[in-house]
Amino acid sequence: MNLRTLGDMNKKMKVTTANNKVVQYKQQGNIAFQLFVKSQSQGLQLDMKKLMTYPLTPVPYSIGTADGFLAKTEKSKSFQYLTKECEDAPVPSAESTLVVYDGNAYFYYLNEIPANFSLICNKIFGMMSTTTDAVFSTDMYTPNSVKSMERERRGCSEKLIVKGASTKKPPDWKQFLTNDDNKTQFINLLCKTWSNHSYANKLLGRKVIIICEGAAYQLTSEDGQSTAKMEIETLCSSQEETDSRVVLYCMYGKDKGYEYIRIKSPDSDVFFILLHYALTLPNVVILFDTGTGNKQRLINITELAEGYTQNHFTALMCLHAYTRCDTTSAFKGIGKIKPLKTLQKTPKFAAVLCRLGETWDITEDLLDELEEFTCAIYGRARVHKVNELRYIRIQELCAKEDQPHPSKNVDLGSLPPCIRSLEQHVRRVNYQVGIWKRAHIAEPDIPDVKVDHGWEVKDGKLEPLWYTGDVLPQELIDIAGEPLQSHDDVDSDDSETLYQLTDVLDQFSVQSSGESTDSDLD
């Protein structure tokens, strides 16, 4: 068996030379700069400024990884920054509170897995409060979802057939959860099991609503002997995730007369969505319960929102998506705090960010203003164009009289994305924010993600559309097609050449594709 190396997993793409020769161009370090140097030695006077207008690699290192995934950063940093001065709220009385549980997170919290699914269902039920009314919310899994790439990153196990409650536990619980079909089976089994009369004594005197594939079922018992199950149509929703359904739960709880809605979730996306909607939910207190053990926080969202405008919280939600959520990229090396401080320092960008998600289209003037904001988060507020900033940065990093030093390891991830890559990032952000801004609608009209929203389908899977147009100037593509030393992984077909420089160290690729981990569960 031949094991794939990290380099084998790097993205590749085919480009065509001027004489119609097909070249397989691989995501590998600073090949573009090596080609540029070679072009200079052949007497070609390719302008470095022009070079910086191109992506240079199949996946832009500034917003993606070498194997084609969205770049990550620790999402919760912005939540920690904004709430560091907040005191935890007191726990409200059970009878006045509706508790919303992020069910999928609780699946991952489970440890010491019981022997069969009946016991697993019972253990998860026992993780909820025994005295408060509750909504146990679970996600839906749809083909070509924008969330599917994040799930793919975490791995995917084989589908197991869960025949019923007596089915034995899987050998590896967390591996079991990496398969969407497995989770769907389990969620349906939870709904069926909790509806049994054997749960009547646990339901006596309280209401538990379980969300199963978008439908909502209220479970109750009046006598502790029999269980009643009733569908709640007002909570049925096509919104795919708990993140974008929490607002519906808050609206429902408010209408039912609860004084407090307490949302228990580890996902900072939920925090920013609740902030955005806080001012639209009067006469009810919204609490965000996150973390475990000594890191648990209970944040009073309603109190936090007092004294601020709607635009303030909308801008924060949009900024969260712009700098990394599960369906959008981080900017490598920028993180979450720099953009927050940039927004605080330059309030004019709040109005710009607030425009995201208002419509499903990106106007030219919005892209221009977000381009200026992007330059600002890279610390160059006086520069308004990312291509210009790329040129300035590359000169600072490795240029001498417009000639790059090929011996220097230039981390392409330290440059902002070129405008063509940034545009697709903006489209992905706009799509996600558009969904969040419609979280109060049970059946929102959401367009096909594959059409002008920064995504495309390749080999049956939804992937980011990193940019449109050529990856390199035509002059460098032509040089890439020149014969080089053969390699084992070169396609045997003479019409294709895999361009790899034997003297480019793999350490550069590793350096450029590094990423930090994300602490949020979802």
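Residues numbered from 1 in each chain as written. Predicted model: local features only at pLDDT ≥ 70, side-chain atom pairs only at ≥ 80, totals over all residues. Heavy atoms only, no water.

### Quick look at the pattern of salt bridges
With the rule as written, the count across this model stands at 20 salt bridges. Close ionic contact of Asp267 with Lys75 constitutes a salt bridge, the shortest N to O distance being 2.9 Å. With a gap of 192 residues between them, Asp267 in the loop between β8 (260–264) and α11 (268–277) and Lys75 in the loop between α2 (48–51) and α3 (76–83) connect regions that are remote in the sequence. Each member of the pair, Asp267 as well as Lys75, carries the same accessibility label: buried. Arg297 is paired through a salt bridge with Asp88; the nearest N and O atoms lie 2.6 Å apart. In this pair, Arg297 sits in strand β10 (residues 297–300) while Asp88 sits in the loop between α3 and β3 (97–102), placing the two residues 209 residues apart along the sequence. Overall, Arg297 belongs to the buried group, its relative accessible area being 19%. Asp88 sits in the partly exposed class, given a relative accessible area of 40%. If you follow the salt bridges from partner to partner, you end up with Lys75, Asp267, Asp269 and Asp326 in one network. (Salt bridge = Lys/Arg side-chain N within 4 Å of Asp/Glu carboxyl O. Helix = DSSP H or I, 4+ residues; strand = E, 2+ residues; numbered from the N terminus. Buried < 20%, exposed > 50% of the residue type's maximum accessible area, 1.4 Å probe, protein only.)

### Here's the deal with the environment of Val433
The residue Val433 is located in helix α18 (residues 419–436) in this model. Of the residues examined, Val433 reaches a relative accessible area of 0% and is grouped as buried. As a C-alpha pair, Val433 and Tyr322 span 111 residues in sequence and 9.0 Å in three-dimensional space. The contacts of Val433, once residues within four sequence positions are left out, are Met317, Cys318, Ala321, Leu356 and Gly357. (Contact = heavy atoms within 4.5 Å.)

### Regarding unusual backbone geometry
Of note, the phi angle at Asn283 is positive, near 65°, even though the residue is not glycine. Structurally, Asn283 is set in the loop between α11 and β9 (285–290). One non-glycine residue with positive phi stands out, namely Asp452, at about 65°. As for its position among the elements, Asp452 is in the loop between α18 and β13 (455–458). What makes Asp452 exposed here is its relative accessible area of 56%.

### As for the side chain of Thr290
The residue Thr290 is located in strand β9 in this model. Residues contacting Thr290, with those up to four places away along its chain left out, are Phe79, Ser265, Pro266, Lys295, Gln296 and Arg297.

### Structural notes on the sheet that holds β10
Within the open sheet, the eight strands sit side by side as β7-β6-β5-β4-β3-β8-β9-β10. Their pairing is mixed. Whereas interior strands pair on both sides, the edge strands pair on one side only; in this sheet they are β7 (228–231) and β10. Across the sheet, the mean angle from the axis of one strand to that of its neighbour is 20°, orientation sign disregarded. Here helix α8 (residues 180–194) sits on the sheet and contacts β4 (133–137), β5 (208–212), β6 (215–220) and β7; the angle it forms with β5, its principal contact strand, is near 150°. (Pairing = 2+ DSSP bridges. Axes fitted to C-alpha atoms, helices over the stretch in contact; angles between N-to-C directions.)

### Notes on the confidence of the model for the chain
Low-confidence regions, as indicated by low pLDDT, have predicted coordinates that should not be scrutinised in detail. Per-residue confidence for the chain averages 86 on the pLDDT scale, and 81% of its residues sit at or above 70. Note that pLDDT drops below 50 for residues 1–8; the model gives that stretch four contacts with residues more than four away or on any other chain. (pLDDT = per-residue confidence, 0-100.)

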